[in-house]
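Each chain, written out:
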Amino acid sequence: IQPFPGKLLEVLDRSDVVDIIDWMPHGRAFIVKKPKLFTTDVLPRFFKQTKFLSFTRQLNLWGFKRITRGIDAGAYYNQLFLRGRSYLAMRMRRQKIKGTGMKLTPNPDGEP
């Protein structure tokens, strides 16, 4: 079974979903442009998740951060998740334990 980041890279490389989910022009982050279509058309085809919230939880568990400010606001990034560099994504690790009741607060100053 392919890990979540690998599947996500595969989806982002597809030309038939670019109007729903796509890389940002610089290739260091991606954005879900149409969450409703993503949930109905993309999630069931490529992922185990069927809810957008479950997908974003996976992103969090794999260390993705949501960009909250600037022109990339709403996009997700991870320093090991870059367009054209799948070998880096293979080094990503999923967090083992979640549910401490504490939510990580976004840090806009630490965003790319």
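Refer to the structure above for everything that follows.
Remember, it's a predicted structure, so these values are computed and weren't measured experimentally.

(A) Structural context of the overall build of the protein. When helices and strands are counted, the protein shows four helices and four strands. The N-to-C order of helical and strand elements in the protein reads α-β-β-α-α-β-β-α. Within the protein, residue pairs in contact and separated by at least 24 positions form 51% of the contacts whose partners lie at least 6 positions apart. Element-wise, carbon and sulfur atoms account for 55% of the exposed surface of the protein, whose accessible area totals about 7300 Å².

(B) Seen up close, the pattern of salt bridges. Applying the stated criterion across every chain, the model contains four salt bridges. Of the charged contacts, one joins Lys34 and Asp19 as a salt bridge, the two residues approaching to 4.0 Å between their closest N and O atoms. Pair noted here: Lys34 is in the loop between strand E2 (30-32) and helix H2 (35-46) and Asp19 is in the loop between helix H1 (4-12) and strand E1 (21-23), with a separation of 15 residues, a long-range link. Of the residues examined, Asp19 reaches a relative accessible area of 39% and is grouped as partly exposed. The partner of Asp22 in a salt bridge is Lys33, with the nearest N and O atoms 3.9 Å apart. A residue pair is termed long-range when its members are at least 10 positions apart, and Asp22 in strand E1 and Lys33 in the loop between E2 and H2 qualify at eleven residues. Each of Arg14, Asp16 and Arg45 takes part in a single network of salt bridges with overlapping partners.

(C) Quick look at H1. Of all nine residues in H1, eight are buried, a share of seventy percent or more. Turning to H1, its buried residues are Phe4, Pro5, Gly6, Lys7, Leu8, Leu9, Val11 and Leu12. Those residues of H1 that are buried lie in contact with E1, E2, H2, helix H3 (52-61) and helix H4 (86-89).

(D) Representation of the packing of aromatic side chains. Within this structure, the stated rule accounts for eleven aromatic pairs. Aromatic pair Phe30 and Phe64: ring centres 5.9 Å apart, planes at 85 degrees, arrangement edge-to-face. Linking Phe30 in strand E2 with Phe64 in the loop between H3 and strand E3 (65-66), this pair joins segments that are 34 residues apart in sequence. For the pair shown, Phe30 and Phe64 are each scored as buried. In textbook terms, an aromatic cluster arises when at least three aromatic residues are bridged by ring pairs, as seen for Phe4, Phe38, Phe47, Phe52 and Phe55.

(E) Representation of a positive patch on the surface. Taken together, Lys48, Arg57, Arg93, Arg94 and Lys96 make up a surface patch of like positive charges. Note on placement: Arg94 falls in the segment after H4. Here Arg94 falls in the partly exposed class, since its relative accessible area comes to 36%.

(F) Molecular detail of the nonpolar core. In this structure, Leu8, Phe30, Phe55 and Phe81 are the most contacted members of the largest nonpolar core, which totals 27 residues. For this core, the secondary structure elements donating two or more residues are H1, E1, E2, H2, H3 and H4. By residue number, the principal contributor to this core is H1, which donates five residues. Beyond its immediate chain neighbours, meaning those up to four positions away, Leu8 contacts Ile21, Phe30, Phe47, Phe55, Leu59, Phe64 and Phe81. Counting residues in hydrophobic clusters, the runner-up holds six residues, among them Met24, Ala29, Ile67 and Ala75.

Quick notes on the rules
Residues numbered from 1 in each chain as written. Predicted model: local features only at pLDDT ≥ 70, side-chain atom pairs only at ≥ 80, totals over all residues. Heavy atoms only, no water. Helix = DSSP H or I, 4+ residues; strand = E, 2+ residues; numbered from the N terminus. Contact = heavy atoms within 4.5 Å. Areas by Shrake-Rupley, 256 points an atom, 1.4 Å probe, with all protein chains shown as cover. Salt bridge = Lys/Arg side-chain N within 4 Å of Asp/Glu carboxyl O. Buried < 20%, exposed > 50% of the residue type's maximum accessible area, 1.4 Å probe, protein only. Phe/Tyr/Trp six-rings, centres within 6.5 Å; stacked < 30°, edge-to-face > 60°. Patch = residues over 30% accessible without salt bridge, like charges linked within 9 Å, V, L, I, M, F, W, Y side chains within 5 Å. Lys, Arg positive; Asp, Glu negative; His and termini not counted. Charge placed at Lys NZ, Arg CZ, Asp CG, Glu CD. Core = buried A, V, L, I, M, F, W, Y, C linked by side-chain atoms within 4.5 Å.

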